[in-house]
Amino acid sequence: MCRLNSHGDDYETVQNVIVVGAGIWGASLALRLAESGRRVTLIERLDADDPRRASAGETRLVRSAHGTSEFYSQMAWESTREWLALNERVGEQIFLPQGLMWFGREADGWEVRSAEVLKDLDIPCTLLDPAEAALFYPEMRHDDLATVLYEPEAGVVRARRATEVVTGLAQDAGVTLVRGTARPAGRGVVVDGERTGADQVVWACGAWLPGLFHGLPITVTRQDTTHFAADWTGVPAFCDYSGSAYGHGDIDGHGMKITSDVEGEPGFDPESPRGEILAASEQRARDYLARRFPSLAEVPLGLTQVCQYALTPDAEWVVAEIEDGVWVMGGDSGHGFKHAPVLAARLTSVLNGEAAVDPRFGLHPRESARGLRTSGET
Ligand SMILES: Cc1cc2nc3c(=O)[nH]c(=O)nc-3n(C[C@H](O)[C@H](O)[C@H](O)COP(=O)(O)OP(=O)(O)OC[C@H]3O[C@@H](n4cnc5c(N)ncnc54)[C@H](O)[C@@H]3O)c2cc1C
């Protein structure tokens, strides 16, 4: 384990926060903490492009609509501004503000309730006639739709690249990045048999979190991602809440993404080697293409990825102090990437003693609920 941080200090005497896990949640937190003046060590065990990391996925959607939740809608909107600011800061198109369409099958469904919340919060959105929405795509079947919610400033983030960039910014801000597997040791960690203590430790370990700390309300499910060989570029991303499908046009030549948000089998081991996607996952995506974009139903597969969700029953996250100075941060429930900048900023305030953690993130019993994800189906 490296002894010196980027200031050349012996970190055993100056370090005061350890963040374990350099996915987008841990890396964003490390960056914010360092920018707030804290000394931070960030520990990560896998390579940046290892597909087992949820944040190493190629792309993630950025949208503000969250049903009736003002809390997540506002946080997503603030994060959208942060992703744009990141583009400016590093001079790179990490976030692509291509807009996003919600295909609504009911005249007064989830999409319309979301639109009411967005309008109340002054977040840009419009309800479109389906025929009008169809003009945004080379071809789109819309005879099953009643309305379409359009978020013109939403879009897609290049996820793996974003995670690399944020990790690099964190190092530039003074964070010491340590490569290793950490084990909990009170208010500290053990890496390579050696214990290091800290004032605070944050375990931002994604799907590995329930294996490290038993009793957390987090279930890990397998999720296959599919792209298809279609060169529709620049089209808005889309979500079909009732159809549990989402995707976007071609980005970086990987093809058009069409993926299901239906939860895979629980009990998926995040250590599992990644191979082919399941035939059923391809079929589900093709069935959706046949329904929405029929000319693409038979095109060859493009990029595929096997990843996992870390789901809580109500899709609210877990951010909790489980013992003095020891925090867990996880249960992103498949909708956490976009929120990382603002979640990190808020948790930084909590760790710095300037704010209290929101009780919604606590370890209380949780009712099964939907509405925060992109899927109306379990
Ligand atoms: C298929 C799919 C689609 C998704 N789509 C969207 C979307 O459209 N929009 C959106 O906002 N979100 C989406 N998400 C969710 C998003 O990807 C996650 O919310 C986000 O990546 C979670 O980041 P994380 O840092 O918590 O987890 P991870 O990226 O998994 O990071 C956890 C890290 O901890 C490390 N780690 C674990 N244990 C240890 C240890 N003991 N020692 C050291 N390191 C350790 C791991 O190696 C890993 O790098 C999607 C997720 C999936 C799987």
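Small disclaimer: the values here were computed from a predicted structure and weren't measured. (Residues numbered from 1 in each chain as written. Predicted model: local features only at pLDDT ≥ 70, side-chain atom pairs only at ≥ 80, totals over all residues. Heavy atoms only, no water.)

What follows deals with the overall build of the protein chain. For the protein chain, the helix and strand inventory stands at nine helices and 20 strands. Here the C-alpha atoms of the protein chain give a radius of gyration of 20 Å, agreeing with the 21 Å that 2.2 N^0.38 yields for 378 residues. Counting only C-alpha atoms, the protein chain reaches 65 × 45 × 45 Å along its principal axes. In the protein chain, buried positions account for 58% of the 378 residues. A sequence separation of at least 24 residues applies to 74% of the contacts in the protein chain between residues at least 6 apart. Of the roughly 14700 Å² of accessible surface on the protein chain, 48% is carried by carbon and sulfur atoms. One finds the centroid of the 35 positive side-chain charges in the protein chain at a distance of 3 Å from the centroid of its 56 negative side-chain charges. (Helix = DSSP H or I, 4+ residues; strand = E, 2+ residues; numbered from the N terminus. Rg over C-alpha atoms; globule rule 2.2 N^0.38 Å. Buried < 20%, exposed > 50% of the residue type's maximum accessible area, 1.4 Å probe, protein only. Contact = heavy atoms within 4.5 Å. Areas by Shrake-Rupley, 256 points an atom, 1.4 Å probe, with all protein chains shown as cover. Lys, Arg positive; Asp, Glu negative; His and termini not counted. Charge placed at Lys NZ, Arg CZ, Asp CG, Glu CD.)

Okay, the side chain of threonine 80 next. With respect to the secondary-structure elements, threonine 80 resides in helix 3 (residues 70–90). Exposure remark for threonine 80: the relative accessible area of 1% places this residue in the buried category. Not counting the four nearest positions on each side in its chain, threonine 80 is found in contact with Val62, Ser64, Phe95 and Glu153.

Judged by pairing direction, the sheet is antiparallel, and its three strands sit side by side in the order 3-8-4 without closing on themselves. Every interior strand has two partners, whereas the edge strands, strand 3 (59–62) and strand 4 (95–96), have only one. Across two bridges, the pairing between strand 4 and strand 8 (residues 155–158) is antiparallel. Bridging from a neighbouring strand, leucine 96 pairs with valine 156 of strand 8. (Pairing = 2+ DSSP bridges.)

Next up on the list: the environment of arginine 373. Mapping arginine 373 onto the fold places it in the segment after helix 9 (340–351). Sequence separation between arginine 373 and aspartate 261 is 112 residues; the distance between their C-alpha atoms is 8.2 Å. Among residues more than four places away in sequence, those in contact with arginine 373 are Arg63, Trp110, Tyr241, Asp261, Glu263, Tyr309, Leu311, Ala315, Ser333 and His335.

Our focus in this paragraph is the site of the ligand. The environment of the ligand is made up of 32 residues, and the closest members are Glu44, Arg53, Ser55, Leu61 and Asp332. A distance of 2.6 Å separates an oxygen atom of the ligand from a polar side-chain atom of glutamate 44. Bound to the protein, the ligand loses 98% of the 1000 Å² it would expose on its own. The set of elements that each furnish at least two residues to the shell around the ligand consists of helix 2 (24–35), strand 2 (40–44), strand 3 and strand 18 (301–311). A total of three residues in the shell around the ligand trace back to one element, the largest contributor, which is strand 18. Residue classes in the shell around the ligand are distributed as 15 nonpolar, eleven polar and six charged. (Near = heavy atom within 4 Å. Polar contact = N/O pair within 3.5 Å; in protein donor to acceptor, adjacent residues only side chain to side chain. Nonpolar A, V, L, I, M, F, W, Y, C, P; charged D, E, K, R; others polar.)

For the rest of this paragraph, the subject is the UniProt feature "domain: FAD dependent oxidoreductase" (unreviewed entry) in the protein chain. Within this numbering scheme, the UniProt entry marks residues 17–348 as carrying the feature "domain: FAD dependent oxidoreductase" (unreviewed entry). In residues 17–348, helix accounts for 27% and strand for 29%; the two terminal C-alpha atoms are 11 Å from one another. (UniProt positions renumbered as here; feature names shortened; annotations may be inferred.)

This part takes up the nonpolar core. Where a protein is soluble and globular, its nonpolar side chains tend to be buried together. Formed by 46 residues in total, the largest nonpolar core has its most connected members in Val19, Leu29, Trp83, Val157, Met329, Leu343 and Leu347. Elements represented by at least two residues in this core include exactly strand 1 (17–20), helix 2, strand 2, helix 3, helix 6 (159–172), strand 20 (326–330) and helix 9. Among the elements that take part in this core, helix 2 stands out by supplying eight residues, more than any other. In this view, valine 157 contacts Glu58, Thr59, Arg60, Val62, Trp83, Ile94, Phe95, Ala162 and Phe337; residues no more than four positions away in its chain are not counted. Judged by nonpolar contacts, the second largest core, of 24 residues, contains Leu145, Tyr150, Val235 and Val299. (Core = buried A, V, L, I, M, F, W, Y, C linked by side-chain atoms within 4.5 Å.)

A word on the confidence of the model for the protein chain. The predicted model of the protein chain has a mean per-residue pLDDT of 94, with 95% of residues at 70 or higher. The model gives residues 1–15 a pLDDT under 50, and that stretch makes 36 contacts with residues more than four places away or in other chains. (pLDDT = per-residue confidence, 0-100.)

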